[in-house]
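# Secondary and tertiary structure notes
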Amino acid sequence: MKWKVGAVTITKIVEIEGAGGTKFILPQAAPDVVREMDWLIPRYATPEGRLKMAIQSYVVEAGGQRIVVDTGLGNDKQSRHIPIWNKLNTPFLYKMTEAGFAPDTIDTVLCTHLHVDHVGWNTKLVGGEWVPTFPNAKYLFGKTEYDFWNGFEESKEQKAVFADSVKPVVDAGQAELIASETQVTDEISTFPTPGHSPGHMSIRIRSSGEEAILLGDVAHHPVQFQHLDWSSTFDSDPKASATMREQLFGKLAGTNTKVFGGHFDPGYVVREGNAFRLYETPQK
Ligand SMILES: [Zn+2]
């Protein structure tokens with residue numbers, strides 16, 4: 001799956017995808033409610049009302065640079081809250097290489113935030129040690145986000161995530177802590193979108209008069225464009241997360257900006273009453 005934004009190319013590399021079982025993340029999105037939201041079907045939900053979601057990375061090619069945005073769950077990780085996320089053995093790196101992006105050709109890794117499903121492939125297990133998966137990459141972490149999770153003791157999972165997928169990159173000297181608003185290349189910049197996590201960032205791509213936004217987890221699923229207040233169970237500040245959606249989608253509604261989800265395919269934001277929809281093509 002590839003998309004063009006001006007001279008920039010965005011390629012999706014999926015680690016895991018499926019439909020359904022979203023109760024643990026978006027409890028209000030019950031199948032009988034989703035079934036009635038016909039604009040979601042079939043792109044973002046099944047006719048039965050099950051939500052389609054993926055854990056994935058985007059490879060952004062811009063000005064000769066290869067930037068991986070978010071890195072999924074990773075293989076061999078442990079102490080994950082969701083049982084099937086432990087000791088994974090997926091062909092993610094093989095898929096990435098097959099798509100033309102061997103790990104040693106990646107220049108930059110950029111994490112929108114430091115949750116379990118966005119940092120996993122930052123590292124891989126080699127001889128019992130966690131080492132950076134992308135040996136030639138500079139890893140960009142938001143400083144606000146990094147400072148929040150560094151030394152965070154309240155969650156066993158987040159502690160493990162930091163220890164196996166963030167700290168080894170810092171120890172290897174490959175991490176750079178950035179301000180939430182940072183120009184990464186001529187065409188790519190970050191901007192702060194806190195709510196889901198304290199230092200969450202989204203990414204803006206501007207190239208040859210075209211624009212796209214990589215949301216990260218401002219929304220986990222397009223169902224949250226219609227129901228702005230359906231915050232995910234993983235949001236650190238559910239109220240702020242809902243406000244962020246309202247503000248950001250309000251700015252994007254009716255524009256030609258292509259909006260990519262951390263866990264769903266891109267669309268264009270359209271205002272509908274007090275809320276929004278996300279459509280595959282711009283609506284007139
Ligand atoms: Zn996520």
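A short tour of the structure in this document, coming up. Source: prediction; values computed, not measured.

Cut-offs and rules
Residues numbered from 1 in each chain as written. Predicted model: local features only at pLDDT ≥ 70, side-chain atom pairs only at ≥ 80, totals over all residues. Heavy atoms only, no water. Donors = N, O, S within 2.8 Å, 3.2 Å for Na, K, Ca; no water. Tetrahedral: all angles 85-135°; square planar, octahedral: opposite > 155°, others 65-115°. Buried < 20%, exposed > 50% of the residue type's maximum accessible area, 1.4 Å probe, protein only. Pairing = 2+ DSSP bridges. Helix = DSSP H or I, 4+ residues; strand = E, 2+ residues; numbered from the N terminus. Axes fitted to C-alpha atoms, helices over the stretch in contact; angles between N-to-C directions. Contact = heavy atoms within 4.5 Å. 1 Å grid on protein atoms, 1.4 Å probe; cavity = no way out; pocket = protein on both sides within 12 Å on 5 of 7 lines; lining within 4 Å. Points joined across faces, edges and corners; volume = space filled by probe spheres on them. Nonpolar A, V, L, I, M, F, W, Y, C, P; charged D, E, K, R; others polar.

### Here's the deal with the coordination of the zinc ion
In an ideal tetrahedron of four donors about a metal, each angle is 109.5 degrees. In an ideal octahedron of six donors, the angles are 90 or 180 degrees. For the zinc ion, the full set of protein donor atoms is Asp117 (OD), His118 (NE2), Asp217 (OD) and His263 (NE2), and the range of their distances to it is 2.1 to 2.2 Å. Classification of the site at the zinc ion as irregular follows from its four donor atoms and the range of 85 to 163 degrees in their angles at the metal. Look at where the donors of the zinc ion fall in the sequence and you get D-H-x98-D-x45-H. Residue Asp117 is classed as buried on the basis of its relative accessible area, which comes to 10%.

### What about the sheet that holds strand E8 (residues 138-142)?
Strand order in the open sheet formed by seven strands is E1-E2-E3-E4-E5-E8-E9, with mixed pairing between adjacent strands. Across the chains shown, the open sheet's two edge strands, defined by having one partner strand only, are strand E1 (2-5) and strand E9 (175-178). Neighbour-to-neighbour, the strand axes of the sheet open up by a mean angle of 25 degrees, direction not taken into account. Taken together, the three bridges between strand E4 (residues 65-69) and strand E5 (residues 108-110) define a ladder with parallel strand orientation. Paired with Val68 across the two strands is Val109, which belongs to E5. In the packing of helix H5 (residues 156-171) onto the sheet, the strands contacted are E8 and E9, and the crossing angle to E8 comes to about 120 degrees.

### Here's the deal with the layout of surface pockets
Its volume calculated, the largest pocket comes out at about 670 Å³. For the largest pocket, the lining is made up of 33 residues, of which Phe24, Ile25, Ile82, Trp85 and Phe234 are closest to its centre. Broken down by secondary-structure element, the contributors of at least two residues to the lining of the largest pocket are strand E2 (8-19), strand E3 (52-62), helix H3 (116-119), helix H4 (143-149) and H5. Sorting elements by how many residues they give to the lining of the largest pocket places E2 first, with four residues. Grouping the amino acids of the lining of the largest pocket by side-chain chemistry returns 15 nonpolar, 13 polar and five charged. A volume near 150 Å³ is recorded for the second largest pocket. Around the second largest pocket, the lining residues are Lys12, Glu17, Gly18, Arg43, Tyr44, Lys52, Met53, Ala54, Gln56, His263, Phe264 and Asp265. Listed by contribution, the elements that provide at least two residues to the lining of the second largest pocket are E2 and E3. Tallying contributions element by element places E3 first for the lining of the second largest pocket, with four residues. By residue class, the composition of the lining of the second largest pocket is four nonpolar, three polar and five charged.

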